[in-house]
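What follows is each chain in one-letter form.
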Amino acid sequence: MNTTLARASKALAVSAVTALALTGCIKVDFDLALQSDDTVDGSITYAVAEGTGEFMSTEDETYTDEEAAEALFGDLAAEDYENGEISSYAEDDWVGKTVTFEGETLDGFALDEGSDGLTIVREGDEFVVSGPYDTSGELGEAPAGAEMTLSITFPGAVSESNGEISEDGRTVTWNLLDAPETIDARGSAVAGGSMPWLIPALIVAGVLVLGAVVLALVLMRRKPAAEADVVETDAAPYVAAPEAGTAFAP
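Residues numbered from 1 in each chain as written. Predicted model: local features only at pLDDT ≥ 70, side-chain atom pairs only at ≥ 80, totals over all residues. Heavy atoms only, no water.

Now for helix α3 (residues 65-72). Those residues of α3 that fall on the buried side of the exposure criterion are Asp65, Ala68, Ala69 and Leu72. Down the axis of α3, the buried side of the element spans an arc of 100°, and every buried residue falls inside it. (Buried < 20%, exposed > 50% of the residue type's maximum accessible area, 1.4 Å probe, protein only. Helix = DSSP H or I, 4+ residues; strand = E, 2+ residues; numbered from the N terminus. Arc of directions from axis to C-beta.)

The sheet built from 4 strands is open, its strands ordered β5-β6-β11-β8 with antiparallel pairing. The open sheet has two free edges, formed respectively by β5 (119-123) and β8 (158-161), since each of these has just one partner strand. Geometrically, the sheet is characterised by an average inter-axis angle of 15° between neighbouring strands, direction not taken into account. Alignment of strand β6 (residues 126-131) against strand β11 (residues 183-188), held across 6 bridges, turns out to be antiparallel. The residue bridging Val128 from the neighbouring strand is Arg186, located in β11. (Pairing = 2+ DSSP bridges. Axes fitted to C-alpha atoms, helices over the stretch in contact; angles between N-to-C directions.)

Now for the pattern of salt bridges. The final tally for this structure, using the stated rule, is 8 salt bridges. Linking Lys27 and Glu147 is a salt bridge whose minimum nitrogen-to-oxygen distance equals 3.0 Å. Placement of the pair is Lys27 in strand β1 (residues 26-34) and Glu147 in strand β7 (residues 147-153), with a sequence separation of 120 residues. What makes Glu147 partly exposed here is its relative accessible area of 32%. The salt bridge partner of Lys97 is Glu70, with a shortest N-O separation of 3.3 Å. On the criterion of sequence distance, the pair formed by Lys97 in strand β4 (residues 94-105) and Glu70 in helix α3 is long-range, its members being 27 residues apart. Salt bridges sharing common partners tie together Lys27, Asp29 and Glu147. (Salt bridge = Lys/Arg side-chain N within 4 Å of Asp/Glu carboxyl O.)

Structural data, given as structure tokens:
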């Protein structure tokens, strides 16, 4: 089965129910970078709002915010991922953990036959991301403050997507708490693939260059004509009178 997204998602969804019931504020970010050799590098960040540890503490057991995040999302472990590492996360009033990994094969993102979920596969020189990723069944209506996103970076340009595409045209991001029924994206599996806007930009540049050439030719044709319009007369050239006391040589 999908040994990366499906496993992590299931753990996060189950834990998120508890977290939402307790505080209403969780943060989960999937950040994946597809590689041309059909592997995936990335990270998963899971965190809770500051103060969750105190909220969860009892007379018998106390929690820091980081410990609360570990208790809620403890099914994620670095050893589950190729070259995985786990580190502390603390940013913008969120506290938790980040699991980073590299070299995960695309097989880890392929589902068993008959399974229904998000997949990442390679088709020729493109990666194709497709499938449902519906969290509403587990989470219900997410309260204000909760965050859950998926970002996927392609080696080259994104050609199709129903997510938000970054300015460089290579990364697509979805808000998983308000995601479409299916997540779809297609992008180049080759680093340095042409950007979607490159061809139109080249066309515009070509038109501008052509316009400049035409204008230059028109100006060159008009210049001799302008010189030909000069009227010659028989009038003698004007010579300034010499100042008084100045000898004048004929």
